[in-house]
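Chain by chain, the residues:
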Amino acid sequence: MPSSRPLRADARRNRDALLAAAREAFLAGEADAHVDEIAKRAGVAVGTLYRHFETREALVEEVYRQEVDQLCAVPSQLLRQHAPAEALRYFLLRLVEHAAVGKGMAVALESIMATDSPVFEDARAQLADALGQLLEAGAADGTLRADVGGRTVLRALGGICGMRLAEGWEEEAVRITEILLDGLRYRARASGRVRTGPGESG
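Note that the coordinates shown come from a computational prediction; the quantities given were computed from them, not determined experimentally. All chains use their own residue numbering, which begins from 1 and follows the written sequence. With the structure being a predicted model, the display of local features is reserved for residues of pLDDT at least 70 and the display and counting of side-chain atom pairs for 80 or more, all residues being used for whole-chain, interface and lining totals. Hydrogens are left out, water is left out, and the side-chain values use all remaining heavy atoms of the structure.

Asker: So what about the packing of helix α8 (residues 119-140) against helix α9 (residues 150-161)? Which residues, and what values?
Answerer: At a minimum axis distance of 7 Å, the contact between α8 and α9 shows a crossing angle of 115°. One finds that α8 runs roughly perpendicular with respect to α9. Seen along the crossing, α8 lies across α9 with a hand that is right-handed. Facing Glu 121, Arg 124, Ala 125, Leu 127, Ala 128, Leu 131, Gly 132 and Leu 135 of α8, the residues of α9 in contact are Gly 150, Arg 151, Val 153 and Leu 154. Think of it as three bins: nonpolar holds Ala, Val, Leu, Ile, Met, Phe, Trp, Tyr, Cys and Pro, charged holds Asp, Glu, Lys and Arg, and polar takes everything else, Gly as well. Partitioning the contact of α8 with α9 into residue classes produces seven nonpolar, two polar and three charged. Simply put, an axis is a line fit to the C-alpha atoms, just over the touching stretch for a helix, and the angle between two N-to-C directions goes from 0 to 180 degrees. In this text, helices come from DSSP runs of H or I with a minimum length of four residues, and strands from runs of E with a minimum of two, each type numbered from the N-terminal end. Each angle receives one of four descriptions, namely roughly parallel if under 35 degrees, roughly antiparallel if over 145, roughly perpendicular if within 65 to 115, and oblique otherwise. Crossing chirality is assigned from the near helix's rotation relative to the far helix, an anticlockwise turn below a right angle marking it left-handed and a clockwise turn marking it right-handed. Whether two residues are in contact is decided by their heavy atoms, any of which lying within 4.5 Å being enough.

Spelled out as structure tokens, the structure:
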């Protein structure tokens, strides 16, 4: 079990370099990249890799956890820059894009699917909360329906991204995502709660 004590600066640099090298390999589709190759790309010895990650699966898990953490930081940034409905649109399209570039990561993750790691359930909960943040903001300003939660939208998006093995899937996924967004706006429009800009009628 890795120590929970803060890492020295050099150890932190090594760990970050290993995670960056592994992420680059997985996202490039090199799902079977060996630990020797990952360590070489990071500029460290294999022994250093194993001091930070007991198994290859532990390395894959941490790369995935980082990816999810970065994604879940996006909604609060978007809400500072855009109205909630538009922020939701950008985030959903970001998730589709993430699924597109993450084919290699998806394959790599198969190596930890047989373990008892909580990483997948944790990721689902985080992403559902991130979506919920956007949906609640949209419900509060009347631009999004208030009867749909983050976990429901995440399930819908999972169905869309599940098409990613098909040729040309991303373009179709974007169209379906726009339909999903229209559905999330529908109840708000139907109830006449959508706010209008200056000079616009409801």
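Further notes follow.
Asker: Can you tell me about the pattern of salt bridges, naming the residues and giving the values?
Answerer: Within this document, salt bridges are pairs made up of a side-chain nitrogen of Lys or Arg and a carboxyl oxygen of Asp or Glu, the two lying within 4 Å of each other. Under the criterion given, the structure shown has 14 salt bridges. Arg 65 serves as the salt-bridge partner of Glu 62, at 3.9 Å between the closest nitrogen and oxygen. One end of the pair, Glu 62, and the other, Arg 65, are both in helix α4 (residues 56-72), three residues apart, so they sit about a helical turn from each other.

Asker: Kindly report on the environment of Arg 23, identifying the contributing residues and their values.
Answerer: When you line up the elements, Arg 23 lands in helix α1 (residues 9-27). Note: C-alpha distance between Arg 23 and Leu 59 (36 residues apart in sequence) is 9.5 Å. Beyond its immediate stretch of four places on either side in the chain, Arg 23 contacts Val 63 and Glu 67.

Asker: Lay out the packing of α4 against α8 in plain terms, naming residues and giving numbers.
Answerer: Running from amino to carboxyl end, α4 crosses α8 at an angle of 5°, the nearest separation of the two axes being 10 Å. Taken together, α4 and α8 sit at an angle that is classed as roughly parallel. Within the contact between the two elements, α4 uses Glu 61, Tyr 64, Arg 65, Val 68, Asp 69, Leu 71 and Cys 72 and α8 uses Val 119, Phe 120, Asp 122, Ala 123, Gln 126, Leu 127 and Ala 130. Per-class residue counts for the contact of α4 with α8 are nine nonpolar, one polar and four charged.

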